[in-house]
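Letter by letter, the chains look like this.
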Amino acid sequence: MTRRRVTLMGSTGSVGANAVDVIRRRGGIEAYEVVALTGGRNVAVLAEQARELRPELTAIQDEAAWPALKEALAGEGLRIEAGDAAVEAAGGLPADWRLAAIVGAAGLRPSLAAARAGGVLALANKECLVAAGEAFLAAVEQGGGKLIPVDSEHSALFQIFEADQIKAVDRLIVTASGGPFREWSRERMDSATPEQAAAHPNWSMGLKISVDSASLFNKALEVIEAARLFPVRPDQIEVLVHPQSVVHAMVGYADGSVLAHLGAPDMRTPIAYALGWPERIPAPTPKLDFAALSRLDFQAPDEARFPALRLAREVLEAGGLAPCALNGAKEAALEAFLERRIGFLDMAAAVEATLEALAPGGEAYDLQDVFAMDARARRFATDWTHDHRRAFA
Ligand code: NAD
Ligand code: MG
């Protein structure tokens, strides 16, 4: 039997490591031929993964990390490259299945290379859809492959959205855990630290998405992601706070039926779904124990404390490069918050100020416009964070 050829971009991250775990438990290199692994700067983890999975190419983005990676893999006979171009090239190597799990708009070029190469694109790197929208989907189409979302809510939607019943789809509901500040007052949120923001109650994830979950900017990105992936109007996409993170998404139909997708909060389930698609394969996720769980709670999100959701609706309404500007500004503001230059609530203020100043809107755009808007939004938001710098103890 020929082994399926897989590439893992961002293999050293949280989603990447979960994918390695799923592959390992499915037989590892006996079952899969690993074409490429890419990492940002984590030499130890990338080297360990490369030793185990024997990829044709191991690429590390940080060029300064190349000598250490070379040394860690000395004598293994593996091809090792470094730099942005190497990571991007890894995305385009011939493969049947590619995981795009780099974080942020930094993943755009490599994920685009993967999209253009065809095959299955298992997309965790949601910022590609948020920032580049139509242009990213056009690259997928050009490649002739199939995009399978890995974001848990969108994997859920993909499974319960009856594409042949589009006219009868009434609404999509994306759930949010509410994050660590679900019950915090605005005053308390104002002085929240990066450590507090990163302490997600249910999911174990990378640092940036954890903080985005606390501000609900992650959910804002996901509303935009859902609007790109499914043929519904933005006003048909709802967010519901659901502290247990067991129901990942729901689709409401015209006859009053609501289909829900349930699962443990474990990324190995959506990763396995994308890896097996169109078949279902086993994942090492613990089984849901409904008796132990005993209840599922839902509540409307509080947009006064979480303005990210309103901003998502506004940029979808504005169209064009507005979602791209939101994402770029958010990434810059997140950086400033992690560096303790601005407060937690200032992140949304920085994004809002950027959107007001740049007023991006409904014009048609191509990838060059996307990169230009991303850079402009980052610059504006970064300047804003310097002008609104705060002193933290
Ligand atoms: P992470 O920070 O844990 O990992 C990110 C990966 O990207 C790492 O391998 C890192 O080395 C690499 N990377 C970072 N900057 C890079 C650069 N400039 N060039 C090349 N590689 C770079 O992030 P994560 O939590 O695994 O999230 C990855 C993506 O998946 C994000 O888009 C996130 O929103 C999405 N996602 C994550 C989860 C989750 O459970 N963690 C769930 C849903 C969606
Ligand atoms: Mg998600």
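Owing to the predicted nature of the structure, the values given are computational and were not obtained by experimental measurement.

Visitor: Any chance you could break down the packing of aromatic side chains for me, citing the residues and the numbers?
Guide: What characterises a pair of aromatic rings is the spacing of the ring centres plus the angle enclosed by the ring planes. Inspection of every chain in the model, using the stated rule, returns five aromatic pairs. For the ring pair Phe-158 and Tyr-273, a centre distance of 6.2 Å and an interplane angle of 70 degrees mean the geometry is edge-to-face. Of this pair, Phe-158 sits in helix α7 (residues 152-160) while Tyr-273 sits in helix α12 (residues 268-276), placing them 115 residues apart in sequence. Considering the side-chain rings of Phe-181 and Phe-344, the 4.9 Å spacing of their centres and the 85 degrees angle between planes classify their relative orientation as edge-to-face. One end of the pair, Phe-181, is in the loop between β8 (169-176) and α8 (186-190); the other, Phe-344, is in the loop between α15 (322-338) and α16 (346-358), and 163 residues separate them in sequence.

Visitor: Let's hear about the sheet that holds strand β11 (residues 258-262): which residues, and what values?
Guide: Strand order in the open sheet formed by four strands is β9-β8-β10-β11, and the pairing between neighbours is mixed. Either end of the sheet is taken by a strand with one partner, and the two such strands are β9 (237-241) and β11. Between one strand and the next, the sheet's axes are offset by a mean angle of 20 degrees, whatever the strand orientation. Across five bridges, the pairing between β8 and strand β10 (residues 247-253) is antiparallel.

Visitor: So what's going on with the coordination of the magnesium ion (ligand 2)? Residues and values would help.
Guide: Each donor-metal-donor angle in an ideal tetrahedron of four donors is 109.5 degrees, and each such angle in an ideal octahedron of six donors is either 90 or 180 degrees. Asp-151 (OD), Glu-153 (OE) and Glu-222 (OE) make up the full set of protein donors to the magnesium ion (ligand 2), lying at 2.0 to 2.2 Å. According to the relative accessible area criterion, Asp-151 is buried, its value standing at 7%. Judged by relative accessible area, which is 7%, Glu-153 ranks as buried.

Visitor: A description of the packing of helix α4 (residues 84-92) against helix α5 (residues 108-116) should follow, citing residues and the corresponding values.
Guide: Interhelical geometry of α4 versus α5 gives an angle of 20 degrees and a closest axis separation of 7 Å. Relative to α5, the element α4 lies roughly parallel. When you trace α4 past α5, the crossing you get is right-handed. Along its contact with α4, which presents Val-87, Glu-88, Gly-91 and Gly-92, the element α5 presents Arg-109, Pro-110, Ala-113 and Ala-114. Counted by class, the contact of α4 with α5 contains four nonpolar, two polar and two charged residues.

Visitor: Go over the site of ligand 1 with me, naming the residues and quoting the values.
Guide: Around ligand 1, the structure places 22 residues, and the nearest of them are Thr-12, Ser-14, Val-15, Gly-40 and Glu-127. Protein contacts shield 86% of the accessible area of ligand 1, which totals 820 Å² for the unbound molecule.

Visitor: Run through helix α2 (residues 43-53), naming residues and quoting values.
Guide: Those residues of α2 that fall on the buried side of the exposure criterion are Val-43, Leu-46, Ala-47, Gln-49, Ala-50 and Leu-53. For α2, the arc enclosing every buried residue in end-on projection is 165 degrees, short of the 170-degree limit, so these residues lie on one face. Within α2, the exposed residues directed more than 90 degrees away from the buried face are Ala-44 and Glu-48. As for α2, its buried residues are in contact with α1 (14-25), β2 (32-39), β3 (57-60) and α3 (66-72).

Visitor: A description of the nonpolar core should follow, citing residues and the corresponding values.
Guide: Ranked by size, the top nonpolar core spans 94 residues in total, and within it Phe-136, Leu-172, Leu-326 and Phe-344 carry the most contacts. Counting residues per element, this core draws most heavily on α15, at eleven residues. The next biggest cluster of nonpolar side chains, apart from the first, holds 37 residues, and it includes Val-6, Leu-37, Leu-69 and Trp-97.

Calculation rules
What you see as residue numbers is a count from 1 along each chain, following the sequence as written. Chains and ligands are labelled by the order in which they are written, letters from A for the one and numbers from 1 for the other. Two thresholds apply to this predicted model, a pLDDT of at least 70 for residue-level local features and 80 or more for giving and counting side-chain atom pairs, whereas whole-chain, interface and lining totals are computed over all residues. The side-chain values count all of the structure's non-hydrogen atoms but skip hydrogen atoms and water molecules. Here the aromatic set is Phe, Tyr and Trp, taking the six-membered ring for Trp, and pairing holds for ring centres within 6.5 Å; pairs whose planes are under 30 degrees apart are stacked, those over 60 apart are edge-to-face, and all others are tilted. Only DSSP runs of H or I with at least four residues qualify as helices, and only runs of E with at least two residues qualify as strands; both kinds are numbered from the N terminus onward. In short, DSSP must find at least two bridges between two strands for them to pair. Angles run from 0 to 180 degrees between N-to-C directions of axes, and those axes are lines fitted to C-alpha atoms, restricted for helices to the stretch in contact. A 2.8 Å cut-off from the metal defines N, O and S donors, relaxed to 3.2 Å for Na, K and Ca; water is not in the atom list, so some sites may appear incomplete. Only protein chains enter the accessibility calculation, which uses a 1.4 Å probe. A residue is then buried if its area is under 20% of the maximum for its type, exposed if over 50%, and partly exposed in between. Oblique is the label for every angle not falling under 35 degrees (roughly parallel), over 145 degrees (roughly antiparallel), or within 65 to 115 degrees (roughly perpendicular). Less than a right angle of anticlockwise turn of the near helix away from the far helix marks a crossing as left-handed, whereas a clockwise turn marks it as right-handed. Any two residues whose heavy atoms approach within 4.5 Å at even a single point are treated as in contact. Amino acid classes used here: Ala, Val, Leu, Ile, Met, Phe, Trp, Tyr, Cys and Pro are nonpolar; Asp, Glu, Lys and Arg are charged; the rest, including Gly, are polar. Any residue with at least one heavy atom within 4 Å of a molecule or strand is counted as near it. Throughout, the Shrake-Rupley method with a 1.4 Å probe supplies accessible areas, and for residues the shown protein chains are the sole cover considered. Read the arc as the range of directions from the helix axis to the C-beta atoms. Only buried residues count toward a nonpolar core. Its members are Ala, Val, Leu, Ile, Met, Phe, Trp, Tyr and Cys residues joined through side-chain atoms within 4.5 Å.

All we've got here are geometric facts, nothing functional implied.
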